[in-house]
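So the chains spell out like this:
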Amino acid sequence: MRRRALVTGLAAGVLTLAAAPVLARCEGVVPGHRPQNTAREYVGQTLDEIVERGFLTIAVYEDFPPYSWLDGDQPKGVDIELGRILAESLGVEPRFTFVQAGENLQTDLMSYVWRGTVLAEPVMNVMLRVPYNSAFTCLVEQVVFTGQYAKEEIAIAYRTEAYPDAVPSAEARHEGAPVPAFFRFDTVAVENDSIADFYLTAFPGGQIGPNIRRFPSMAKGMAALAAAEVMAAMGPRAQLQHGAGPGVAVHQPPLPGFALGSWTVGIAVHHSHRDLAYALDDAVVAALADGRMAQAYASYGLSFTPPER
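Values in this document were obtained by computation on a predicted structure and should not be read as measured data. (Residues numbered from 1 in each chain as written. Predicted model: local features only at pLDDT ≥ 70, side-chain atom pairs only at ≥ 80, totals over all residues. Heavy atoms only, no water.)

Remarks on the overall build of the protein chain
As a reminder of what qualifies: Helix and strand definitions follow DSSP, with helices as H or I runs of at least four residues and strands as E runs of at least two, each counted in order from the N terminus. In this scheme, a residue with accessible area under 20% of its type's maximum is buried, one over 50% is exposed, and one in between is partly exposed, where area comes from a 1.4 Å probe on protein chains only. Every residue pair with non-hydrogen atoms within 4.5 Å of one another is taken to be in contact. Using a 1.4 Å probe, the Shrake-Rupley method yields the accessible areas, and only the shown protein chains count as cover for residues.
A count of helical and extended segments in the protein chain gives ten helices and eleven strands. Burial analysis of the protein chain (309 residues in total) assigns 49% to the buried set. Pairs at least 24 residues apart make up 77% of the contacts formed inside the protein chain by residues separated by at least 6 positions. Here the protein chain has roughly 14,100 Å² of accessible surface; of this, 53% comes from carbon and sulfur atoms.

Here we look at the pattern of salt bridges
Test applied: Salt bridges, as used here, are contacts in which a Lys or Arg side-chain nitrogen is within 4 Å of a carboxyl oxygen on Asp or Glu.
Counted under the stated rule, the structure contains ten salt bridges. Notably, a salt bridge pairs D79 with R129, separated by 2.8 Å at the nearest N-O pair. Residue D79 is found in helix α3 (residues 78-90), and its partner R129 is found in strand β5 (residues 126-132); the two are separated by 50 residues along the sequence. A relative accessible area of 2% means that D79 is categorised as buried. Across the pair E81 and R84 runs a salt bridge, and its minimum N-O distance is 3.0 Å. Residue E81 and its partner R84 are both found in helix α3; the two are separated by three residues, about one turn of the helix. Under the relative-accessibility criterion, R84 is labelled partly exposed at 33%. When salt bridges that share partners are traced, they join D79, R129 and E152 into one network.

Regarding the environment of P246
Of note, P246 is situated in the loop between α8 (237-243) and β10 (248-251). In this structure P246 comes out as exposed when scored by relative accessible area, which is 85%. Counting along the chain gives 20 residues from P246 to A226, while the straight-line C-alpha distance between them is 8.0 Å.

What about the packing of aromatic side chains?
This is how the line gets drawn: Only the six-membered ring of Trp is used, alongside the rings of Phe and Tyr, when aromatic pairs are assigned; centres must lie within 6.5 Å, and planes under 30 degrees apart are stacked while those over 60 apart are edge-to-face, with the rest tilted.
Evaluation of the coordinates by the stated rule reveals six aromatic pairs. Look at F136 and F145: their rings are 5.8 Å apart centre to centre, the planes differ by 70 degrees, and that puts the pair in the edge-to-face class. According to the relative accessible area criterion, F145 is buried, its value standing at 11%. Measuring from centroid to centroid gives 4.2 Å for Y199 and F258, while their planes differ by 15 degrees, and the two rings are stacked.

Topic: the pairing of strand β8 (residues 212-215)
Convention followed: For two strands to count as paired, DSSP must find a minimum of two bridges between them. Note on handedness: a clockwise path from strand one over the helix to strand two, with the strands aimed away from the viewer, defines a right-handed crossover.
Note that strand β7 (residues 188-191) and β8 share four bridges and pair parallel. Across the sheet, E191 pairs through a bridge with F215, a residue of β8. You can see the chain leave β7, run along helix α6 (residues 195-202) and come back into β8, and the turn it takes is right-handed.

Things to note about the packing of α3 against helix α9 (residues 274-289)
Rules: Every angle, taken between N-to-C directions, lies between 0 and 180 degrees, and every axis is a line fitted to C-alpha atoms, over only the stretch in contact when it is a helix. Definitions for this section: a left-handed crossing has its near helix turned counterclockwise from the far helix by less than a right angle. A right-handed crossing has that turn clockwise. Under the scheme applied here, ten amino acids are nonpolar (Ala, Val, Leu, Ile, Met, Phe, Trp, Tyr, Cys and Pro), four are charged (Asp, Glu, Lys and Arg), and all others, including Gly, are polar.
Two elements in contact, α3 and α9, have axes separated by 9 Å at closest approach and are oriented at 115 degrees. Crossing of α3 over α9 shows right-handed handedness. Counted together, L82, I85, L86, S89 and L90 of α3 and L276, A279, L280, A283, V284 and A287 of α9 form the full contact between these two elements. Among the residues forming the contact of α3 with α9, the class breakdown is ten nonpolar, one polar and no charged.

Laid out in structure tokens, this is it:
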């Protein structure tokens, strides 16, 4: 969806902010408004209350494979697996709420973490797949950003029959050998208003523009690639891998001038509940250390890159 793409674009955009020394990084930054006298139900529950009642409420994005989606009435996706890990660490059950992406990341955090929605729906205990950036935390002081659990990376999917010599060997893939300049001559699918869309539109000097085919989601773009309606696709590696069928390969070539080619995702918790944030961060660290996070990705056929914590 276009709004989800805007969330991704903004999230990646803030990652270009240079993080100043810790003691001064928020100097001169005016944080967002923090409402006073907020009703109790919009603050969330303490760690003790969550453990006592027996469940953890978790916000995940709807219709967002391979991260979170409903298969019938069954939640599926990498973030669903992470939610189960988090809940298990507290000795409670996970309860997932599938949410829509708003106009930007700040809107999502306001709606699902620290204030509640315009429909007076309470906040969740934790929100997943939140892009992490130290400087961005200065803008949203109502939220604790923690639990960095994976690194997202932009990649390219292509039809191997159309480009049989794109990546000549496993050694070349490992070394990051470039692929042919697909997009100056052939069509490429992107999610509309995504960072891949912005990158290709601007580079090189707009020459690629006529060959870009924009879709409302990366899943639809990959479906077009599978149907040979386009020659390649560009977007987050996990989404490309999830949508890649027979005859489609995924590669990460060098992307000149692409400052937004990777970013880290983590979790968000209401600022009032730092004890919960600490506990969930410990659970993420443990899942990274013992391989459960990597296994969550592998169970969906995805490559996993750990965060740079």
